[in-house]
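Chain residues, written in single-letter form:
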Amino acid sequence: MCRHLGYIGPPVRVGDMVTLGSHSLHTQAWAPRDMRHGGTINADGFGVAWWRVGADDTVTASRYRNAAPIWTDPAVDEVLPQLESAAVLAAVRSATVGMPVERSACAPFTRDRWAFSHNGVVPDWRRTLTGVAEEFALIAAELGAEDLFTPARLLEAESATDAATLWVLLCDLLATGAPDGEWSAAPAALRLLVSAILDRAPEARLNLLLSDGAQLWATTCHHSLSVLVTDDFALVSSEPFDDDPRWRSIPDRSLVSARPGALSVDALL
């Protein structure tokens, strides 16, 4: 499927976060250790998101993506190391058979302060995700948000892939804002999305990674995930990128919330 990584902590060089360690994300692109029947390499593109603060203190996610293998792109060594950020989200892609290999299909997907990656696959994704949108549209209408979760919204996906369409649904969940604030919370949005998909496609693989530049949220549903959190930084990664004994493997069907000095791992469903 894919490999992804999220970082929150002191400012780092963006390029370093994809090459750091003896088993870096860069290495995982061609020599992953724990794909769990999700392919053998991740050579169908990559992307990196980082966060910047504007003059009005608005936090925005920026990104760089390429549909070529990460090891072929000189920007990894020549350009990305010149950028600094206190938050990074990166991914290397193994495209599902039948889905396009193109730049717009590569994570991270971004909007405003949010960045997102999906490691996995949604079986019969067009039918499955349309059904999820229809279910959510009924709830949104009750909340006076009739413009969300419509068929037209799904057409806004950057690419004809499950991951890009998942991002449209997740953005709408994050924007819905139920009266009690539940839907506006990232953990609740991730739980709702995963639950609705599994109701329709129990074999779906849904390791999702989301960040707003201040915190990381992730789910495990079939694929591997590890975390390393200290008082200074938080790391979430499909596979540990070095031999630090503090890496912690996350059980399947878990929801992770991580930031420097704080980690919670709860049941996903």
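Residues numbered from 1 in each chain as written. Predicted model: local features only at pLDDT ≥ 70, side-chain atom pairs only at ≥ 80, totals over all residues. Heavy atoms only, no water.

As recorded by an unreviewed UniProt entry, the protein chain carries the name Gamma-glutamyl-hercynylcysteine sulfoxide hydrolase and is attributed to Nocardia gamkensis. You can read under Function (unreviewed entry) in the UniProt record for the protein chain the words "Catalyzes the hydrolysis of the gamma-glutamyl amide bond of hercynyl-gamma-L-glutamyl-L-cysteine sulfoxide to produce hercynylcysteine sulfoxide, a step in the biosynthesis pathway of ergothioneine." If you open the UniProt record of the protein chain and go to Catalytic activity (unreviewed entry), you find "gamma-L-glutamyl-hercynylcysteine S-oxide + H2O = S-(hercyn-2-yl)-L-cysteine S-oxide + L-glutamate". (UniProt positions renumbered as here; feature names shortened; annotations may be inferred.)

(A) Quick peek at the packing of helix α6 (residues 162-176) against helix α7 (residues 186-200). Put simply, α6 and α7 touch, their axes get as near as 9 Å, and they point 135 degrees apart. The angle between α6 and α7 falls in the class oblique. Here α6 and α7 pass one another in a crossing that is right-handed. Of the residues in α7, those touching α6 at L166, L169, L170, L173 and L174 are A186, A189, L190, L192, L193 and I197. Tallied by class, the residues present in the contact of α6 with α7 amount to 11 nonpolar, no polar and no charged. (Axes fitted to C-alpha atoms, helices over the stretch in contact; angles between N-to-C directions. Helix = DSSP H or I, 4+ residues; strand = E, 2+ residues; numbered from the N terminus. Parallel < 35°, antiparallel > 145°, perpendicular 65-115°, else oblique. Left-handed = near helix turned anticlockwise from the far one by under 90°. Contact = heavy atoms within 4.5 Å. Nonpolar A, V, L, I, M, F, W, Y, C, P; charged D, E, K, R; others polar.)

(B) Representation of the environment of A133 in the model. Position of A133 relative to the elements: it lies in helix α4 (residues 125-142). Put simply, A133 and T150 are 17 residues apart on the chain and 6.8 Å apart in space, counted from C-alpha to C-alpha. Ignoring any residue separated from it by four or fewer positions in sequence, one finds A133 in contact with F149, L154 and L169.

(C) The sheet that holds strand β13 (residues 262-267), seen in detail. Pairing is antiparallel across the open sheet formed by six strands, whose spatial order is β5-β6-β7-β8-β12-β13. Bordering the open sheet on either side are β5 (109-111) and β13, each of which pairs with just one other strand. Strand-to-strand, the axes of this sheet are offset by a mean angle of 15 degrees, without reference to chain direction. In terms of strand pairing, strand β6 (residues 114-121) meets strand β7 (residues 205-211) through seven bridges, oriented antiparallel. Within β7, the residue paired with F116 across the bridge is L210. Seen against the sheet, α6 touches β5, β6 and β7 and runs at an angle of roughly 135 degrees to β6. Contacting β6, β7, β8 (216-220), β12 (254-259) and β13, α7 crosses the sheet at an angle of about 160 degrees to β7. (Pairing = 2+ DSSP bridges.)

(D) Highlighting the sheet that holds strand β1 (residues 2-13). What the seven strands build is an open sheet, ordered β3-β2-β4-β1-β10-β9-β11; its pairing is antiparallel. Two strands in the sheet have a free side with no partner beyond their single neighbour: β3 (59-66) and β11 (248-249).

(E) Broad picture of the pattern of salt bridges. Here the structure, examined in full by the defined rule, presents 11 salt bridges. The salt bridge partner of D34 is R36, with a shortest N-O separation of 3.1 Å. Look at D34 and you get partly exposed, because its relative accessible area is 28%. Accessibility expressed as a relative area gives 35% for R36, which makes it partly exposed. Close ionic contact of R63 with E158 constitutes a salt bridge, the shortest N to O distance being 3.0 Å. Residue R63 is found in strand β3, and its partner E158 is found in the loop between α5 (151-154) and α6; the two are separated by 95 residues along the sequence. Judged by relative accessible area, R63 falls into the partly exposed class, the value being 25%. Taking relative accessible area as the criterion, E158 reaches 33% and is therefore assigned partly exposed. Linked through salt bridges whose partners overlap, the residues forming this network are R63, R65 and E158. (Salt bridge = Lys/Arg side-chain N within 4 Å of Asp/Glu carboxyl O. Buried < 20%, exposed > 50% of the residue type's maximum accessible area, 1.4 Å probe, protein only.)

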